[in-house]
Amino acid sequence: MKLEGIREAPVNIAVFYTPSNTSVLGQNSMPETGEYSVACAIQNIWLMARVMNIGVGWVSILNPDTVKSILRSPPEHKLIGYLCVGYVNEFYDRPELETLGWQSRKPLEDMVHYDEFTDGPPSVMTN
Ligand SMILES: Cc1cc2nc3c(=O)[nH]c(=O)nc-3n(C[C@H](O)[C@H](O)[C@H](O)COP(=O)(O)O)c2cc1C
């Protein structure tokens with residue numbers, strides 16, 4: 001849907017994760033946290049851009065190997081996100097997928113569990 005952003009946006013940013021050869025704090029028990037950290041960095045880019053009235057579109061409908069080949073990235077680099085960045089005509093009040101009717105907001109009680117996972121309504125917090 002947003003593929004045209006690749007051409008229309010003045011700036012495209014490909015964000016990679018590079019595994020470390022040495023031990024990294026927090027990655028011993030969960031090696032994938034390195035990639036999570038890159039996703040957090042993307043979120044920070046996104047939030048900062050939004051504060052500056054700059055739009056960001058994340059395009060994942062692409063072949064990572066093709067992107068890597070075009071950018072001649074080292075093989076050990078893993079593409080985490082491809083961002084189209086630039087000024088936009090408008091910002092929507094609600095998420096675009098919700099506005100377009102593609103997806104609706106999930107009820108909070110379906111997503112947040114207290115103390116333990118349950119199928120029913122959340123139990124009352126006791127502390
Ligand atoms: C991980 C991730 C991948 C995405 N991939 C695409 C994509 O391939 N194509 C697309 O049109 N939107 C994609 N999006 C959504 C757009 O970037 C979307 O415009 C953006 O999340 C802001 O939209 P909203 O706040 O209106 O929902 C993706 C979003 C995320 C978080």
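For the structure itself, consult the block above.
Let me sum up the structure you'll find in this document. (Residues numbered from 1 in each chain as written. Predicted model: local features only at pLDDT ≥ 70, side-chain atom pairs only at ≥ 80, totals over all residues. Heavy atoms only, no water.)

Examining the pattern of salt bridges
If you walk through the whole model with that rule in mind, you get three salt bridges. The salt bridge involving R94 is made with E98; its shortest N-O contact spans 3.2 Å. Note on R94: relative accessible area 47%, which makes it partly exposed. E98 is the salt-bridge partner of R105, the closest N and O atoms lying 3.7 Å from each other. Through salt bridges with shared partners, a single network forms among R94, E98 and R105. (Salt bridge = Lys/Arg side-chain N within 4 Å of Asp/Glu carboxyl O. Buried < 20%, exposed > 50% of the residue type's maximum accessible area, 1.4 Å probe, protein only.)

Some details on the sheet that holds strand β1 (residues 11-17)
Taking strand neighbours across the sheet as the criterion, the three strands line up as β1-β3-β2 in an open arrangement whose pairing is antiparallel. Where the open sheet ends on each side, the last strands, each with one partner, are β1 and β2 (55-58). Taken over all neighbouring pairs, the strand axes of this sheet differ in orientation by 25° on average, direction set aside. Across seven bridges, β1 lies against strand β3 (residues 78-86) in antiparallel orientation. Counted as the bridge partner of Y17 is K78 from β3. (Pairing = 2+ DSSP bridges. Helix = DSSP H or I, 4+ residues; strand = E, 2+ residues; numbered from the N terminus. Axes fitted to C-alpha atoms, helices over the stretch in contact; angles between N-to-C directions.)

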